[in-house]
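Analysis of the macromolecular model
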Amino acid sequence: MSGKKTNKSKIRNTLIVTGVIAVAALAAYILLFMPMNNVPSWISNIRDAFYASAFYSDFENNFITDNRYTYLLKGLGVTFEVTFFAVLLGIVLGVIVALVRSSYDTLKEELRGFGKGILYFFYKLCGVYLTVIRGTPVVVQLMIIYFVIFASSNNKVMVAVLAFGINSGAYVAEIIRGGIMSIDKGQFEAGRSLGFGYVRTMAFIIIPQAFKTVLPALANEFIVLIKETSVSGYVGLQELTKGGDIIRSRTYSALMPLIAVAIIYLVIVMLFSLLVS
């Protein structure tokens with residue numbers, strides 16, 4: 001009961017913060033930028049002071065001149081594109097690796113001969129994959145895939161999707177494996193008693209329950225992946241962070257574009273955290 005109250009409190013607080021930010025931004029836009037006839041003198045004075053300030057000059061130089069704000073918009077689109085497809089790839093890889101490892105743990109006493117040898121080989125191969133991917137920085141993996149494996153390719157989005165998808169798959173695999181192993185063994189026995197084989201038991205009984213258990217953790221992995229894509233600029237991909245850095249390189253002013261990038265990430269994370277809750 002207390003857990004439900006805590007979740008409701010988190011949702012309420014997030015909605016309040018998001019609403020306050022949205023209302024404040026809308027009010028500031030109407031007050032300072034929207035053309036209004038016969039405005040009161042105090043509003044006119046605020047506008048004149050704002051337009052004459054160094055803050056507005058810096059804002060105009062960073063975002064309005066030459067439509068530099070489009071670097072952030074295009075970068076945001078690329079960030080979502082890479083994250084979406086990387087999550088799909090990560091879930092596919094994670095499910096496969098989790099099934100191989102959990103199947104070996106479950107069936108190693110029953111299997112004999114060639115079948116056990118094949119399953120053991122893939123079990124060890126998945127173990128190596130998890131060790132290497134989880135033990136090396138994602139930015140190094142990204143650079144290896146771009147500059148070594150796909151050195152002749154100019155499709156930076158594809159390379160980023162592969163790099164982040166492969167990296168995410170290692171973490172998703174352990175999340176799903178934990179969900180599978182958390183299911184009571186009586187569920188396996190119930191499936192067998194109904195005449196299901198191991199594959200049908202996993203497909204129709206175990207996996208649906210495991211996914212329900214690990215869904216919040218998978219959603220959190222999506223949130224983490226959104227932020228991880230910020231290193232894509234190392235291979236020249238113009239995602240959100242790279243868009244802010246391009247503005248910085250044009251204006252030689254680092255504070256405002258980087259703060260804008262940070263605020264965009266913060267809003268995205270808050271919204272998806274609300275959905276997870």
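Our subject is the structure that appears above.
Everything in this summary refers to the structure shown in the same document. The shown structure was predicted, so the numbers you read here are calculated from the model rather than taken from an experiment. (Residues numbered from 1 in each chain as written. Predicted model: local features only at pLDDT ≥ 70, side-chain atom pairs only at ≥ 80, totals over all residues. Heavy atoms only, no water.)

Structural notes on the packing of aromatic side chains
Evaluated as defined, the whole model comprises 8 aromatic pairs. Here the aromatic rings of tyrosine 104 and tyrosine 120 are separated by 5.7 Å at their centres, their planes lie at 50°, and the arrangement is tilted. Residue tyrosine 104 is found in helix α4 (residues 69-107), and its partner tyrosine 120 is found in helix α5 (residues 113-135); the two are separated by 16 residues along the sequence. The class of tyrosine 120 is partly exposed, set by a relative accessible area of 38%. Each ring, one from phenylalanine 121 and one from phenylalanine 122, has its centre 5.4 Å from the other, and the planes form 70°; the classification is edge-to-face. Ring-pair connections join several aromatic residues into one group, and the members of that group are Tyr104, Tyr120 and Tyr123. (Phe/Tyr/Trp six-rings, centres within 6.5 Å; stacked < 30°, edge-to-face > 60°. Helix = DSSP H or I, 4+ residues; strand = E, 2+ residues; numbered from the N terminus. Buried < 20%, exposed > 50% of the residue type's maximum accessible area, 1.4 Å probe, protein only.)

Here's the deal with the layout of surface pockets
The volume enclosed by the second largest pocket comes to roughly 280 Å³. In this structure, the second largest pocket is lined by Asp105, Thr106, Glu110, Ile180, Met181, Ile183, Lys185, Phe188, Glu189, Arg192 and Tyr198. Put simply, the parts of the chain that give the lining of the second largest pocket at least two residues each are α4, α7 (156-182) and α8 (185-193). Considering each element in turn, the lining of the second largest pocket owes the most residues, 4 residues, to α8. Counted by class, the lining of the second largest pocket contains 5 nonpolar, 1 polar and 5 charged residues. (1 Å grid on protein atoms, 1.4 Å probe; cavity = no way out; pocket = protein on both sides within 12 Å on 5 of 7 lines; lining within 4 Å. Points joined across faces, edges and corners; volume = space filled by probe spheres on them. Nonpolar A, V, L, I, M, F, W, Y, C, P; charged D, E, K, R; others polar.)

Examining the nonpolar core
In this structure, Phe63, Leu72, Val82, Leu142, Phe164 and Leu237 are the most contacted members of the largest nonpolar core, which totals 27 residues. Where this core is concerned, the elements lending two or more residues are α4, α6 (138-149), α7, α9 (198-228), α10 (240-251) and α11 (255-276). Every residue in contact with phenylalanine 63, bar those within four places of it in the chain, is listed here: Arg68, Tyr69, Leu72, Ile247, Met256, Pro257 and Ala260. Ranked by size, the runner-up nonpolar core spans 15 residues in total, among them Ile176, Phe188, Tyr198 and Leu218. (Core = buried A, V, L, I, M, F, W, Y, C linked by side-chain atoms within 4.5 Å. Contact = heavy atoms within 4.5 Å.)

Some remarks on the packing of α7 against α9
It is the contact of α7 with α9, at a shortest axis distance of 8 Å, that shows an interaxial angle of 140°. Overall, the two elements α7 and α9 adopt an arrangement that is oblique. Where α7 crosses over α9, the handedness of that crossing is right-handed. From α7, Phe164, Asn167, Ser168, Tyr171, Val172, Ile175, Ile176, Gly179, Ile180 and Ser182 reach across to α9, where they touch Met202, Ile206, Ile207, Ala210, Phe211, Thr213, Val214, Ala217, Leu218, Glu221, Leu225 and Glu228. Of the residues that constitute the contact of α7 with α9, the class distribution is 15 nonpolar, 5 polar and 2 charged. (Axes fitted to C-alpha atoms, helices over the stretch in contact; angles between N-to-C directions. Parallel < 35°, antiparallel > 145°, perpendicular 65-115°, else oblique. Left-handed = near helix turned anticlockwise from the far one by under 90°.)

Things to note about empty space enclosed by the protein
Summed over all chains, the structure comprises 1 cavity of 30 Å³ or more. Of the voids in this model, the largest cavity is the one considered here, and its volume is about 50 Å³. The wall of the largest cavity is formed by Val87, Gly90, Ile91, Ser168, Val172, Leu218, Glu221 and Phe222. Contributing elements (two or more residues each) for the lining of the largest cavity: α4, α7 and α9. Looking at the lining of the largest cavity residue by residue, the classes come out as 5 nonpolar, 2 polar and 1 charged.

With respect to unusual backbone geometry
The backbone of asparagine 67 shows a phi angle near 50°, a positive value even though the residue is not glycine. Topologically, asparagine 67 is positioned in the loop between α3 (54-64) and α4. Here the phi dihedral of tyrosine 252 falls at roughly 60°; this positive angle occurs in a residue that is not glycine. Looking at the secondary structure, you find tyrosine 252 in the loop between α10 and α11.

Nothing here speaks to function; it is all geometry.
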